[in-house]
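As a plain string of letters, each chain reads:
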Amino acid sequence: GDGLYYIFEDVLKSLAPDVIVTQSLCSVCSVDLKLVEKVVQDMQQHSSSAANGAAAAAAVQAAPRIISLNPFTLEEVLQDALVVGETLGLQSQAAAAVAALRARVDAAVSFVARQPPLAAPVVAFLEWFEPLFPGGHWTPQLIHMAGGQHPLNPPRDGKGAAPSMAVWNDDLVALDPDWIIICPCGLDMAETIKELPPVTASGWWPQLKAVQEGRVAIVDGNQMFNRPGPRLVDCLEFLVGLLHQQHDMIPVDFPWRFYKHGELAAAEEKWLQEHPGWKTRVQEGPPKAAVAAANACCVTGSCGAAAAPAGEVQQ
């Protein structure tokens, strides 16, 4: 079928870009590479048919260069910044920006190394719910760099993890993590709170240690963690500050807050009235459609958005 996005080809042509930066991580989260390539090809064909001889050759030669980014690790994200800078003729500026980011990464990692050893707190990073999608790609790596562990999708050899995949609710219950970080891809804080009741009204939710002990954090998933850019360094600093209880290390403008058990009681009650039996339901497993979507793309769990909003999962 058709993709989720389309490009205004006339607008793109009028801009006459020299370079187009796109991504090939996920066709659900953003415009996919194949669509960009097709549009550029159509632009070239249109330019060629509108001119003859040398003019046509010049038109084809002037086609924009496509840079497609597909990072799995924090280091690959920083390398991509250098690639973009070099392509745009801004090598020195890019090098300076990346050097500053690496200095912050080194400072965060050094801080962790100087702290009394943690018992490697277990973190469940949720990038979607109904069904649950734990973090993938660079996110588990950041958690490990901050001194934690992410068993639902661990980093490979200390680097990037596998793409996010749907898991059963029972997997989260069995893990019983020390920390839960809720950061759904594409949702800001207000939207996340709105979508939480189907999760927090579930019978298994209050059984979790992190919920009982007040170690559930909500993060703006539209801004943080789910986009492979410089703000991943902010995310690392956030994790270090959170896991080590050093909140002064968290960037002052980082969009997050603690979840307090019971704060959504009214919304949960409304949800339960509209969905009898929800609280005691037994999940038979991640919906097949969601699993198929996860296998098809997946950034850091943003593929969870390929399924449906919480409570509207299609079986």
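The structure displayed is predicted, hence computed values, not measured ones.

Tallying each qualifying case throughout the model produces 10 aromatic pairs. Within the aromatic cluster, the residues linked to one another by ring pairs are Phe125, Trp179, Phe225, Phe238, Phe254, Trp256 and Phe258.

Attention now moves to the sheet that holds strand E6 (residues 216-219). Spatially, the 5 strands line up as an open sheet ordered E4-E3-E5-E6-E7, and their pairing is mixed. Looking at the sheet topology across the chains shown, the edges are occupied by strand E4 (133-134) and strand E7 (256-258). Relative to E7, E6 runs antiparallel, the two sharing 3 bridges. Paired with Val219 across the bridge in E7 is Trp256. In the packing of helix H11 (residues 231-243) onto the sheet, the strands contacted are strand E3 (123-128), strand E5 (179-182), E6 and E7, and the crossing angle to E5 comes to about 145°.

This part covers the pairing of E5. Here E5 shows a buried face lined by Trp179 and Ile181 and a second buried face lined by Ile180 and Ile182. Bridge analysis of E3 against E5 gives 4 bridges, and the strand direction is parallel. In the sheet register, Val123 faces E5, and the bridge partner there is Trp179. By the bridge criterion, 3 bridges tie E5 to E6 in an arrangement that is parallel. Within E6, the residue paired with Ile182 across the bridge is Ile218.

With that settled, consider the pattern of salt bridges. One pass over the structure, following the stated rule, counts 7 salt bridges. Among the ionic pairs, Lys209 bridges to Asp178, the shortest N-O distance being 3.1 Å. Taken together, the positions of Lys209 in helix H10 (residues 209-212) and Asp178 in the loop between helix H7 (169-175) and E5 put the pair 31 residues apart, joining distant regions of the chain. You can call Lys209 partly exposed: its relative accessible area is 26%. A salt bridge links Arg215 to Glu213, with the shortest nitrogen-to-oxygen separation between them at 2.5 Å. What makes Glu213 partly exposed here is its relative accessible area of 46%.

The contact between helix H5 (residues 91-114) and H11 brings their axes to 10 Å, and the two run at 15°. Classified by the angle between their axes, H5 and H11 sit roughly parallel to one another. As for how H5 packs across H11, the hand of that crossing is left-handed. Only Val233, Asp234, Leu236, Glu237 and Val240 of H11 make contact with H5, whose side of the interface consists of Leu101, Arg104, Val105, Ala108, Phe111 and Val112. Of the residues assigned to the contact of H5 with H11, the class counts are 8 nonpolar, no polar and 3 charged.

Glancing now at H5. Spanning 24 residues, H5 covers 34 Å between terminal C-alpha atoms, matching the ideal 34 Å at 1.5 Å per step. Listed in full, the buried residues belonging to H5 are Ala94, Val98, Leu101, Val105, Ala108, Phe111 and Val112. In this structure, the buried side of H5 is in contact with helix H4 (74-87), helix H6 (138-145) and H11.

Looking now at the confidence of the model for the protein chain. Regions with low pLDDT should not have their predicted coordinates read in detail. Per-residue confidence for the protein chain gives a mean pLDDT of 82, with 80% of residues at or over 70. pLDDT under 50 marks residues 285-292. Its contacts with residues more than four places away, or in other chains, come to 15 contacts. In this model residues 295-315 is a low-confidence stretch, pLDDT under 50, and it forms 72 contacts with partners more than four residues away in sequence or in other chains.

Notably, His137 is not glycine yet its phi reads approximately 55°, a positive angle. Residue placement: His137 occurs in the loop between E4 and H6. In this structure, Gln245 takes a positive phi of about 55° despite not being glycine. Position of Gln245 among the secondary structure elements: in the loop between H11 and E7.

This brings us to H11. Taking 1.5 Å of rise per residue, 13 residues should cover 18 Å, and H11 covers 18 Å from first to last C-alpha, within 8% of that figure. Of all 13 residues that make up H11, 12 are buried, and the element is covered over most of its length. Of all the positions in H11, only Leu232, Val233, Asp234, Cys235, Leu236, Glu237, Phe238, Leu239, Val240, Gly241, Leu242 and Leu243 are classed as buried.

Turning to the state of the cysteines, a few remarks are in order. Taken as a whole and assessed by the stated rule, the structure comprises 0 disulfides. Residue Cys183 stays outside any disulfide, its sulfur separated by 7.0 Å from that of Cys235, the closest cysteine.

As a further point, take the nonpolar core. By size, the foremost hydrophobic cluster in this structure holds 34 residues, and its most contacted members are Leu142, Val219, Phe225, Phe238 and Phe254. Broken down by secondary-structure element, the contributors of at least two residues to this core are H4, H5, E3, H6, E5, E6 and H11. Per-element accounting of this core gives the leading share, 9 residues, to H11. Phe254 has contacts with Val219, Met224, Phe225, Asp234, Cys235 and Phe238, leaving out every residue within four places of it along the chain.

About the thresholds
- Residues numbered from 1 in each chain as written.
- Predicted model: local features only at pLDDT ≥ 70, side-chain atom pairs only at ≥ 80, totals over all residues.
- Heavy atoms only, no water.
- Phe/Tyr/Trp six-rings, centres within 6.5 Å; stacked < 30°, edge-to-face > 60°.
- Pairing = 2+ DSSP bridges.
- Helix = DSSP H or I, 4+ residues; strand = E, 2+ residues; numbered from the N terminus.
- Contact = heavy atoms within 4.5 Å.
- Axes fitted to C-alpha atoms, helices over the stretch in contact; angles between N-to-C directions.
- Buried < 20%, exposed > 50% of the residue type's maximum accessible area, 1.4 Å probe, protein only.
- Salt bridge = Lys/Arg side-chain N within 4 Å of Asp/Glu carboxyl O.
- Parallel < 35°, antiparallel > 145°, perpendicular 65-115°, else oblique.
- Left-handed = near helix turned anticlockwise from the far one by under 90°.
- Nonpolar A, V, L, I, M, F, W, Y, C, P; charged D, E, K, R; others polar.
- Expected span 1.5 Å × (residues − 1).
- pLDDT = per-residue confidence, 0-100.
- Disulfide = S-S within 2.5 Å.
- Core = buried A, V, L, I, M, F, W, Y, C linked by side-chain atoms within 4.5 Å.

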